[in-house]
Amino acid sequence: MKIICTVEVSDRNLPSLNLPSKKSVRSSLAIGKSGDKELYILHQTNQNGSGNKYKINNANVRTLDNRILRLRNLCVLYLENNELTTLPEQLGSSLPKLTEMHLRDNSLGLGGNWKWIVNGNLQKQLKLLDLRSNKISVLPDKLVKLANLVTLNVDDNRLESLPNALGYMRNLRFFTASKNQISYLPGSIKLLRLECLDLSHYVFCEKLNKKVTAKDFLFVPPLVDIAAACVITKRLHFSEATLPQTLIDHLESASFCVCGKPCFSQQPESYIPYRGLCDCIITTVNRRDFKISVRYCSFQCYSKEERLFFPQY
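Predicted model only: the values in this text are computed from it and were never measured.

Peer 1: So what's going on with the packing of aromatic side chains? Residues and values would help.
Peer 2: All chains considered together, the criterion is met by 4 aromatic pairs. Consider the rings of Phe-217 and Phe-299, whose centres lie 6.2 Å apart with planes at 70°: the pair is edge-to-face. In this pair, Phe-217 sits in the loop between β10 (196-198) and α4 (223-233) while Phe-299 sits in helix α6 (residues 299-308), placing the two residues 82 residues apart along the sequence. Measuring from ring centre to ring centre gives 6.0 Å for Phe-299 and Tyr-302, while their planes differ by 35°; the resulting arrangement is tilted. Here Tyr-302 and Phe-299 lie together in helix α6, a separation of 3 residues that amounts to about one turn.

Peer 1: If you had to explain unusual backbone geometry to someone new, which residues and values would you point to?
Peer 2: Most peptide bonds take the trans configuration, and most residues that are not glycine carry a negative phi. One non-glycine residue, Ser-133, lies in the positive phi region at around 55°. Here Ser-133 falls in the buried class, since its relative accessible area comes to 14%. In this structure, Lys-179 is a non-glycine residue whose phi angle is positive, near 60°. Relative to the helices and strands, Lys-179 resides in the loop between β8 (174-176) and β9 (185-186).

Peer 1: For the pattern of salt bridges, give the residues involved together with the corresponding values.
Peer 2: Counted by the stated rule, this structure contains 3 salt bridges. Where Asp-105 meets Arg-104, a salt bridge forms, and the shortest distance between an N and an O atom there is 3.4 Å. With a shortest N-O distance of 3.3 Å, Glu-269 and Arg-295 are connected by a salt bridge. Placement of Glu-269 in strand β13 (residues 269-273) and of Arg-295 in strand β15 (residues 291-295) is noted, with a sequence separation of 26 residues between them.

Peer 1: Can you tell me about the side chain of Gln-267, naming the residues and giving the values?
Peer 2: Secondary-structure assignment places Gln-267 in the loop between β12 (262-263) and β13. Judged by its relative accessible area of 15%, Gln-267 falls in the buried class. Among all residues touching Gln-267, those that are not within four sequence positions of it are Phe-219, Arg-295, Tyr-296 and Cys-297.

Peer 1: Give me the lowdown on the layout of surface pockets, citing residues and values where you can.
Peer 2: The gaps of empty space that remain are located by a probe, the size of a water molecule, rolled over the atoms. When its volume is computed, the largest pocket comes out at roughly 1200 Å³. Every residue lining the largest pocket is counted, 33 residues in all, and those nearest its centre are Gln-123, Val-144, Lys-145, Phe-238 and Glu-252. Ranked by residue count, the leading element in the lining of the largest pocket is helix α5 (residues 245-252), at 4 residues. Each of domain 1 (6-10 + 63-209 + 275-294) and domain 2 (214-271 + 295-309) accounts for three or more of the residues forming the lining of the largest pocket. Empty space within the second largest pocket amounts to approximately 340 Å³. Lining the second largest pocket are 22 residues, and of these Asn-164, Ser-255, Phe-256, Ser-293 and Arg-295 sit closest to its centre. Listing elements by their share of the lining of the second largest pocket, those giving two or more residues are β11 (255-256) and β15.

Peer 1: Can you break down α4 residue by residue, with the values?
Peer 2: Regarding α4, the residues found buried are Asp-225, Ala-228, Ala-229 and Val-231. In a view along the axis of α4, the buried residues occupy a sector of 160°, so they form one face of it. In this structure, α4 carries Leu-223 and Thr-233 as exposed residues pointing more than 90 degrees from its buried face. Where α4 is buried, its residues meet α5 and β12. In the segment just after α4, Arg-235 is the residue with positive phi, at about 55°.

Rules behind the numbers
- Residues numbered from 1 in each chain as written.
- Predicted model: local features only at pLDDT ≥ 70, side-chain atom pairs only at ≥ 80, totals over all residues.
- Heavy atoms only, no water.
- Phe/Tyr/Trp six-rings, centres within 6.5 Å; stacked < 30°, edge-to-face > 60°.
- Helix = DSSP H or I, 4+ residues; strand = E, 2+ residues; numbered from the N terminus.
- Buried < 20%, exposed > 50% of the residue type's maximum accessible area, 1.4 Å probe, protein only.
- Salt bridge = Lys/Arg side-chain N within 4 Å of Asp/Glu carboxyl O.
- Contact = heavy atoms within 4.5 Å.
- 1 Å grid on protein atoms, 1.4 Å probe; cavity = no way out; pocket = protein on both sides within 12 Å on 5 of 7 lines; lining within 4 Å.
- Points joined across faces, edges and corners; volume = space filled by probe spheres on them.
- Domains from an automatic or database assignment.
- Arc of directions from axis to C-beta.

This is how it looks when you write it as structure tokens:
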């Protein structure tokens, strides 16, 4: 069997690949095969079983060997050009120093399991996430919990929309989402302080401006929306141990009004041209075609926002 792949191990001495029982061996690199097609690369040391960089590309890997989770000093993870559909849920808790994940050209969009995003220290430590060419149709709402993420790349996927709360990733500076089928941008995106927003090769669908009137706010919100708004406003902690998954999904799908209050599907929505991002946009289409989706908690908020920030063409 011949294995063709790329391996990088930084700041480590590899004097030998003999058995680790010998005192002279400081670290070892194992390339193995599990089952018919599952390949893995494992780097361990006698002292602490950890390394600084692990890289396996172009090896048709479908699942990760759990022993990679022993590398607690791992900072950068390369898993490009494989067949991964998901990652271990304990990834963040097992690799507390992980700051970069390069996952280009996999199939994470087909797996549907994104729990690895919110487990462990990834929410606090991860700075760069590369999800290019992963057959993703819908970005998970859990993505916005990566509070310290600086660079996010979702080029060349099947995206038709972005998470409503994307704008609350306050540390995001570089967002690349070219070659998708986005219909509109979430209204919260204007809260970001982006240095670069790449929307080149976009196919923006036509969204008509919807005129909102005071009558659109004459409704009684469902009890679940009232309770969810209370949880979000008071920043109450919730998890799978305290709430059913359906309610967690509802909480994570919340939009936010321009005044900061949480909004849900009952609140009126409008697609409005927006030009506030022009300085950082890289695009191949007319910037006047960009539409953002905005929800409002009251007619007063709608009137104020339309007058101050969304001039009509």
